[in-house]
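Descriptive structure summary
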Amino acid sequence: MTTTDTAVAEAVLHAQIQQFYAGQMQLLDSGRAEDWADTFTEDGVFAANAHPQPAEGRAGIAAAARKATDDYAANKIQRRHWLGMVNAERRGPDEVFAQCYAIVIETPRGGQAKLHVSTRCDDLLVRVEGRWQVKHRQVYRDDLS
Amino acid sequence: MTTTDTAVAEAVLHAQIQQFYAGQMQLLDSGRAEDWADTFTEDGVFAANAHPQPAEGRAGIAAAARKATDDYAANKIQRRHWLGMVNAERRGPDEVFAQCYAIVIETPRGGQAKLHVSTRCDDLLVRVEGRWQVKHRQVYRDDLS
Amino acid sequence: MTTTDTAVAEAVLHAQIQQFYAGQMQLLDSGRAEDWADTFTEDGVFAANAHPQPAEGRAGIAAAARKATDDYAANKIQRRHWLGMVNAERRGPDEVFAQCYAIVIETPRGGQAKLHVSTRCDDLLVRVEGRWQVKHRQVYRDDLS
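Overview of the structure. Since the structure is predicted, the reported quantities are computational estimates derived from the model, not experimental observations.

**What about the overall build of chain A?**
- Secondary structure assignment for chain A yields three helices and six strands.
- When its helices and strands are written in sequence order, chain A yields α-α-β-β-α-β-β-β-β.
- A compact globule built from 145 residues should have a C-alpha radius of gyration of about 15 Å, and chain A, at 16 Å, falls within 12% of that.
- Each of the three principal axes of chain A carries a C-alpha extent, and together these read 55 × 35 × 30 Å.

**Section: the interface of chain C and chain A**
- Facing the 29 residues of chain C at the interface are 31 residues of chain A.
- Buried area between chain C and chain A, both sides added, is near 2,300 Å², and the carbon and sulfur share of it is 59%.
- Counting the contacts that link chain C with chain A gives one salt bridge.
- Of the charged contacts in the structure, one is a salt bridge between Asp142 of chain C and Arg80 of chain A, with a shortest N-O distance of 2.6 Å.
- Linking chain C with chain A are 11 residue pairs in polar contact (both at pLDDT 80 or more).
- Going through the elements one at a time, helix 1 (5-29), strand 3 (77-92), strand 4 (95-108) and strand 5 (114-128) of chain C are the ones with two or more residues in the side of chain C that touches chain A.
- Of the residues contributing to the side of chain C that touches chain A, the split by class is 15 nonpolar, 10 polar and four charged.

**What about the relation of the copies chain C and chain A?**
- Screw-axis analysis of chain C against chain A gives a translation of 0.0 Å along the axis, an RMSD of 0.0 Å, and a rotation angle of 120°. In the structure described here, the two chain copies are related by an operation that fits a three-fold rotation axis. Closest approach to the rotation axis among the C-alpha atoms of chain C is made by Ala15 of chain C, whose C-alpha sits 3.9 Å away.

**Side note on the interface of chain B and chain A**
- Facing 31 residues of chain B, the contacting portion of chain A comprises 29 residues.
- At the boundary of chain B with chain A, total buried surface from both sides reaches about 2,300 Å², with 59% on carbon and sulfur atoms.
- Sorting the residues of chain B by area buried against chain A places Gln26, Arg80 and Trp82 of chain B first, and these three jointly supply 29% of that buried surface.
- At the junction of chain B with chain A, the criterion picks out one salt bridge.
- Taken together, chain B and chain A are joined by 11 residue pairs in polar contact (both at pLDDT 80 or more).
- Where the side of chain B that touches chain A is concerned, the elements lending two or more residues are helix 1 (5-29), strand 3 (77-92), strand 4 (95-108) and strand 5 (114-128) of chain B.
- Considering each element in turn, the side of chain B that touches chain A owes the most residues, 15 residues, to helix 1 of chain B.
- Across the side of chain B that touches chain A, the residue classes tally to 13 nonpolar, 11 polar and seven charged.

**Quick notes on helix 1 of chain B**
All names here are of chain B.
- With 25 residues, helix 1 extends 36 Å from end C-alpha to end C-alpha; this agrees with the ideal 36 Å at 1.5 Å per step.
- Counting buried positions along helix 1 gives 19 out of 25 residues, so the element sits mostly inside the fold.
- Positive phi appears at Gly31, one or two residues downstream of helix 1, with a value of about 90°.

**Regarding the pairing of strand 6 (residues 131-141) of chain C**
Residues and elements named next belong to chain C.
- For strand 1 (residues 40-48) and strand 6, the ladder comprises five bridges, and the chain directions are parallel. When the sheet's bridge partners are listed, Ala48 is paired in strand 6 with Val139.
- Bridge analysis of strand 5 against strand 6 gives 10 bridges, and the strand direction is antiparallel. When the bridges of strand 6 are listed, Arg127 appears paired with Trp132.
- What sits between strand 5 and strand 6 in their antiparallel hairpin is a turn of two residues, with Glu129 showing a positive phi close to 50°.

**Examining the pairing of strand 3 of chain B**
Residue and element names in this part refer to chain B.
- Two strands pair when backbone bridges link them, and strand 3 and strand 4 are joined in this way by 13 bridges, in the antiparallel orientation. Note that in strand 4 the partner of Arg90 across the bridge is Val96.
- Here strand 3 folds back onto strand 4 in antiparallel fashion, the turn holding two residues.

**Considerations on the relation of the copies chain B and chain A**
- Least-squares fitting of chain B to chain A yields an RMSD of 0.0 Å, with the superposition described by an axial translation of 0.0 Å and a rotation of 120°.
- Interface overlap between copies is the fraction of interface residues in one copy that are interface residues in the other; for chain B against chain A it is only 19%, indicating separate surfaces.

**Structural notes on the sheet that holds strand 4 of chain B**
Residues and elements named next belong to chain B.
- Spatially, 2-1-6-5-4-3 is the arrangement adopted by the six strands of the open sheet, whose pairing is mixed. One side of each edge strand has no neighbouring strand; the edge strands of this open sheet are strand 2 (55-56) and strand 3.
- Against the sheet, helix 1 makes contact with strand 1 (40-48), strand 3, strand 4, strand 5 and strand 6 (131-141), and its axis sits at roughly 155° relative to strand 3, the strand it touches most.

**Some remarks on the sheet that holds strand 6 (residues 131-141) of chain A**
- Overall, mixed pairing links the six strands, which are arranged 2-1-6-5-4-3 (chain A) in an open sheet. Among the strands making up the open sheet, the edge pair consists of strand 2 (55-56) and strand 3 (77-92) of chain A.
- As paired strands, strand 1 (residues 40-48) of chain A and strand 2 of chain A are joined by two bridges and run antiparallel to one another. Residue pairing for strand 2 of chain A: Val45 of chain A is matched across the bridge by Glu56 of chain A.
- Sitting on the sheet, helix 1 (residues 5-29) of chain A touches strand 1, strand 3, strand 4 (95-108), strand 5 (114-128) and strand 6 of chain A, and the angle it makes with strand 3 of chain A is about 155°.
- Relative to the sheet, helix 1 of chain B contacts strand 3 and strand 4 of chain A, its axis offset from that of strand 3 of chain A by approximately 100°.

Scoring rules and cut-offs
Residues numbered from 1 in each chain as written. Chains lettered and ligands numbered in written order. Predicted model: local features only at pLDDT ≥ 70, side-chain atom pairs only at ≥ 80, totals over all residues. Heavy atoms only, no water. Helix = DSSP H or I, 4+ residues; strand = E, 2+ residues; numbered from the N terminus. Rg over C-alpha atoms; globule rule 2.2 N^0.38 Å. Contact = heavy atoms within 4.5 Å. Buried area = accessible area lost by both parts, 1.4 Å probe. Salt bridge = Lys/Arg side-chain N within 4 Å of Asp/Glu carboxyl O. Polar contact = N/O pair within 3.5 Å; in protein donor to acceptor, adjacent residues only side chain to side chain. Nonpolar A, V, L, I, M, F, W, Y, C, P; charged D, E, K, R; others polar. Least-squares fit on C-alpha atoms with pLDDT ≥ 70 in both. Expected span 1.5 Å × (residues − 1). Buried < 20%, exposed > 50% of the residue type's maximum accessible area, 1.4 Å probe, protein only. Pairing = 2+ DSSP bridges. Axes fitted to C-alpha atoms, helices over the stretch in contact; angles between N-to-C directions.

Set out below in structure tokens:
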């Protein structure tokens, strides 16, 4: 069985983006807001149609994530972000535009798991020193679209 | 670290099918019913235990998808199809039998996201001129099984 | 486009684990409890924070799975396990520690699909004679964490 170099490169990219998303969102869901912010570029942007203003830069992204994380912890709710249906399109050797779906599942301690929101997510990802990072993320909540 | 050619070929296949599903279903969920139909072979079949008759051929598949898409749009409901748990089994250099799970999440504008149905999906996929296409899809809704 | 051997090996691993999970959980959800138990090592352990005792060894895992499977069948409920957000970390040539999320979706015959539980799952996977198997699985239900 022969597989072309291009096919291998594309498959490697797809697996890397999925692995990146898994690691990234597990950081956020386990409350490591600052480590999560480090998965963005230094000048990264997190924008969402649910927020009046985007969070900009790692410090801004960390601050917003910390607040949300602490609120969830205070309310004893476990969040789980699932990113899936990843459609990755290479823009350059170290740049990818990825469109995916994201849902948030919430479970209160002692309570029932619930699908909180369904969204789609447009990511511009860049590879910096061998590590994929989000340069720009735009999340669209389906209920607001 | 060495990886056998066969292992690489299988991993490439798995990533390709996932990427195909992501691109395919994003077309449908964004209302591009005719482009979605083009992800089937010219003689492709879409069968479902929820439908009395399968849709056959791209024109038939497009017509059925267009009607459903327009109904959802008229009702201001955003659908998201998630295909996952992809179990791909190579049948030949350009043929794959893939068994996966599929859920549909619906969100009314201004409303609450909801898990609409859970299904499993059996796909016969073929590669035509380098592009994966569905030759036969059979969807089984869990509530009807 | 060049892709390093290490990058290829990591991507192959990630795709293999996803393929393994898909095949594994489709066995359980289709009621093949004994075949599912064979996806664990002979001395495999299945532990869960929802269970007072772990199931140990293939026979013990099969017995526990058989009971649950028969209960679901008797109640005419179709289960679907989705494992996703797979974060795989190589521990050796034939050993992987994988952290993922798992949800269970249940659909009663003639009824509405429902998100039953949200969990995270820590797996120690080993490759025995070319086949990935679970040596130790620990599931944490979010409502109990």
